Amino acid sequence: AQSVTQPDIHITVSEGASLELRCNYSYGATPYLFWYVQSPGQGLQLLLKYFSGDTLVQGIKGFEAEFKRSQSSFNLRKPSVHWSDAAEYFCAVGASGSSASKIIFGSGTRLSIRP
Amino acid sequence: NAGVTQTPKFRVLKTGQSMTLLCAQDMNHEYMYWYRQDPGMGLRLIHYSVGEGTTAKGEVPDGYNVSRLKKQNFLLGLESAAPSQTSVYFCASSYSIGERGNEQFFGPGTRLTVL
């Protein structure tokens with residue numbers, strides 16, 4: 001069974017600074033990997049996803065993530081954060097194969113932006 | 001195209017009361033899911049459905065029942081609410097075929113308080 005760990009519960013960065021949110025997964029085969037963002041009081045919105053191919057994936061709102069198989073990681077990055085990026089971010093791993101459409105979510109990382 | 005909608009948005013129950021949460025999607029998705037979100041625990045899967053008339057247990061199914069009588073609707077029922085069921089409930093849906101099957105679309109959530 002797959003699992004995912006987000007080691008940072010809360011991160012604060014200054015507006016305009018770069019950001020990296022960590023995600024480590026456990027899965028025996030090539031996983032499907034996702035990053036979702038949740039603004040306060042809202043549902044989850046997909047930022048980006050990795051299924052196969054290029055290990056550096058681009059998402060919405062200027063985010064990107066890199067799949068590193070050797071480190072079992074899928075860290076989320078943004079070169080310059082904006083105050084509107086303050087939210088909770090969830091990494092998720094899905095099992096490959098069309099018969100297993102369940103996703104396991106990490107516990108989330110809350111991002112605060114310092115003015 | 002409303003995507004995934006949930007009703008109600010908020011609800012307060014007394015211990016022992018029952019209620020049903022309704023999820024509707026207009027994307028013709030085969031799969032639908034119910035999650036609960038609790039602080040520090042990410043999203044946990046309660047039940048899911050891989051098609052009309054089918055349901056299956058997720059990670060935390062106890063105390064909940066579900067039904068999928070129509071493809072577009074997925075109902076979550078609490079027969080006898082308990083304070084431990086105080087949470088935010090999210091519905092999601094996804095395609096079933098190929099790699100798109102792992103990308104889930106989320107509703108805005110229902111905040112439930114059980115006194």
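Above this text is the structure in question.
We now turn to the structure provided with this report. (Residues numbered from 1 in each chain as written. Chains lettered and ligands numbered in written order. Predicted model: local features only at pLDDT ≥ 70, side-chain atom pairs only at ≥ 80, totals over all residues. Heavy atoms only, no water.)

1. Concerning the packing of aromatic side chains
Note on aromatic pairs: each is described by the distance of the centres and the angle between the planes.
1) Next: Taken as a whole and assessed by the stated rule, the structure comprises 16 aromatic pairs over all chains.
2) Next: Ring centres of Phe34(A) and Phe51(A) lie 5.8 Å apart, and the angle between their planes is 80°; on these two criteria the pair is classed as edge-to-face. Of this pair, Phe34(A) sits in strand β5 (residues 32-38) while Phe51(A) sits in the loop between β6 (44-50) and β7 (56-58), and the two are 17 residues apart along the sequence. The exposure classification of Phe34(A) matches that of Phe51(A), with both residues buried.
3) Next: Geometrically, the ring pair formed by Tyr33(B) and Tyr35(B) is stacked, given 6.2 Å between the ring centres and 25° between the ring planes.
4) Next: Residue Tyr33(B) is classed as buried on the basis of its relative accessible area of 0%.
5) Next: Aromatic rings pair up to connect Tyr32(A), Phe34(A), Tyr36(A), Phe51(A), Phe105(A), Tyr31(B), Tyr33(B), Tyr35(B), Tyr48(B) and Phe106(B) into one cluster. (Phe/Tyr/Trp six-rings, centres within 6.5 Å; stacked < 30°, edge-to-face > 60°. Helix = DSSP H or I, 4+ residues; strand = E, 2+ residues; numbered from the N terminus. Buried < 20%, exposed > 50% of the residue type's maximum accessible area, 1.4 Å probe, protein only.)

2. Some points on the sheet that holds strand β8 (residues 73-78) of chain B
Residue and element names in this part refer to chain B.
1) Next: The four strands lie next to each other as β1-β3-β8-β7, forming an open sheet whose pairing is antiparallel. At either margin of the open sheet sits one strand with a lone partner, and together these are β1 (4-7) and β7 (65-67). Between one strand axis and the next, the sheet turns through 20° on average, direction left out of account.
2) Next: Two strands pair when backbone bridges link them, and β7 and β8 are joined in this way by three bridges, in the antiparallel orientation. By the bridge assignment for β8, Val-66 is matched with Leu-76. (Pairing = 2+ DSSP bridges. Axes fitted to C-alpha atoms, helices over the stretch in contact; angles between N-to-C directions.)

3. Remarks on the nonpolar core
Generally speaking, a soluble globular protein has its nonpolar side chains buried in company with each other.
All names here are of chain A.
1) Next: With 26 residues, the main nonpolar core has Leu-19, Trp-35, Leu-47, Leu-48, Phe-74, Leu-76 and Tyr-89 as its most contacted residues.
2) Next: Broken down by element, the residue count for this core peaks at four residues, all from strand β10 (residues 87-94).
3) Next: Setting aside anything within four residues of it in sequence, one finds Leu-19 in contact with Ile-11, Val-13, Phe-63, Leu-76, Arg-77, Lys-78, Val-81 and Leu-111. (Core = buried A, V, L, I, M, F, W, Y, C linked by side-chain atoms within 4.5 Å. Contact = heavy atoms within 4.5 Å.)

4. Describing the pairing of β8(B)
1) Next: Here strand β3 (residues 19-25) of chain B runs beside β8(B); their pairing, made up of six bridges, is antiparallel. Residue pairing in the sheet places Leu22(B) in a bridge with Leu75(B) of β8(B).

5. Looking at the state of the cysteines
1) Next: Counted according to the given criterion, the structure contains two disulfides over all chains.
2) Next: One disulfide bridge connects Cys23(A) with Cys91(A), the sulfur atoms lying 1.9 Å from each other. Taking the torsion about the sulfur-sulfur bond, which here is approximately -65°, the covalent link between Cys23(A) and Cys91(A) counts as left-handed. Placement of the pair is Cys23(A) in the loop between β3 (19-21) and β4 (24-26) and Cys91(A) in strand β10, with a sequence separation of 68 residues.
3) Next: Since its relative accessible area comes to 0%, Cys23(A) is described here as buried.
4) Next: Taking relative accessible area as the criterion, Cys91(A) reaches 0% and is therefore assigned buried.
5) Next: A sulfur-sulfur distance of 1.9 Å marks the disulfide that ties Cys23(B) to Cys91(B). On the sign convention where negative means left-handed, the S-S torsion of about -75° between Cys23(B) and Cys91(B) marks this disulfide as left-handed. Taken together, the residues Cys23(B) in strand β3 and Cys91(B) in strand β9 (residues 87-94) connect sequence positions 68 residues apart. (Disulfide = S-S within 2.5 Å.)

6. Structural notes on the pattern of salt bridges
1) Next: Summed over the entire model, instances satisfying the criterion amount to eight salt bridges over all chains.
2) Next: For Glu103(B), the salt bridge is made with Lys49(A), and the minimal N-O distance between the two is 2.4 Å. In this pair, Glu103(B) sits in the loop between β9 and β10 (105-106) while Lys49(A) sits in strand β6, so the two residues belong to two different chains.
3) Next: Here Glu30(B) and Lys71(B) are joined by a salt bridge, their closest N and O atoms 2.9 Å apart. In this pair, Glu30(B) is assigned in the loop between β3 and β4 (31-37) and Lys71(B) in the loop between β7 and β8, connecting sequence segments 41 residues apart.
4) Next: Since its relative accessible area comes to 28%, Glu30(B) is described here as partly exposed.
5) Next: What you see here is one network of salt bridges that share partners, running through Glu64(A), Glu66(A) and Arg77(A). (Salt bridge = Lys/Arg side-chain N within 4 Å of Asp/Glu carboxyl O.)

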